Amino acid sequence: IGGADLAENYTSDAELIPGQIVSLLANNPGHIHKTAKAYDDTMLGIVATAPGLVLGDNGDPQSFPVALVGRVPVLVTTENGAIKAGDRITSSSVAGFGMKAVQAGRVL
């Protein structure tokens, strides 16, 4: 049995690693890429490490489980300061990494 998070498989042309924050490609539904800007409004979730339940087809070698609900590790920077328990996380200017959210916008 894996973790307690719920994930869904999405396709990416790039290699992704667990913990990276991903967003949807606007022109290609079902395809994802690493977030590339702070407060990305197309942010979807985090590439899962060991999801408890995975939805969608995983037969594609380019598919990655994206955690939609649950507790999962995430790669972060200290771009907006140190992150403490309870802080909201959003995408940062470092591709695929999160940061402490200090303004309104999409958060994980």
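Scroll up a little and you will see the structure.
So, a few notes on the structure that sits alongside this text.

About the cut-offs
- Residues numbered from 1 in each chain as written.
- Predicted model: local features only at pLDDT ≥ 70, side-chain atom pairs only at ≥ 80, totals over all residues.
- Heavy atoms only, no water.
- 1 Å grid on protein atoms, 1.4 Å probe; cavity = no way out; pocket = protein on both sides within 12 Å on 5 of 7 lines; lining within 4 Å.
- Points joined across faces, edges and corners; volume = space filled by probe spheres on them.
- Helix = DSSP H or I, 4+ residues; strand = E, 2+ residues; numbered from the N terminus.
- Buried < 20%, exposed > 50% of the residue type's maximum accessible area, 1.4 Å probe, protein only.
- Contact = heavy atoms within 4.5 Å.

## Points about the layout of surface pockets
- Here the largest pocket defines a volume of roughly 310 Å³.
- Every residue lining the largest pocket is counted, 18 residues in all, and those nearest its centre are Ile46, Val72, Val74, Ile89 and Leu108.
- Sorting the residues of the lining of the largest pocket by element identifies β4 (43-47) and β6 (63-69) as the ones contributing at least two each.
- The dominant element in the lining of the largest pocket, judged by the number of residues it contributes, is β4, at four residues.

## Quick notes on the environment of glycine 30
- With respect to the helices and strands, glycine 30 occurs in the loop between β2 (21-24) and β3 (32-34).
- The exposure class of glycine 30 is partly exposed, given its relative accessible area of 30%.
- Each C-alpha atom of the pair glycine 30 and lysine 100 lies 27 Å from the other, and the pair is 70 residues apart in sequence.
- Once residues within four sequence positions are removed from consideration, glycine 30 is found in contact with Tyr10 and Thr11.

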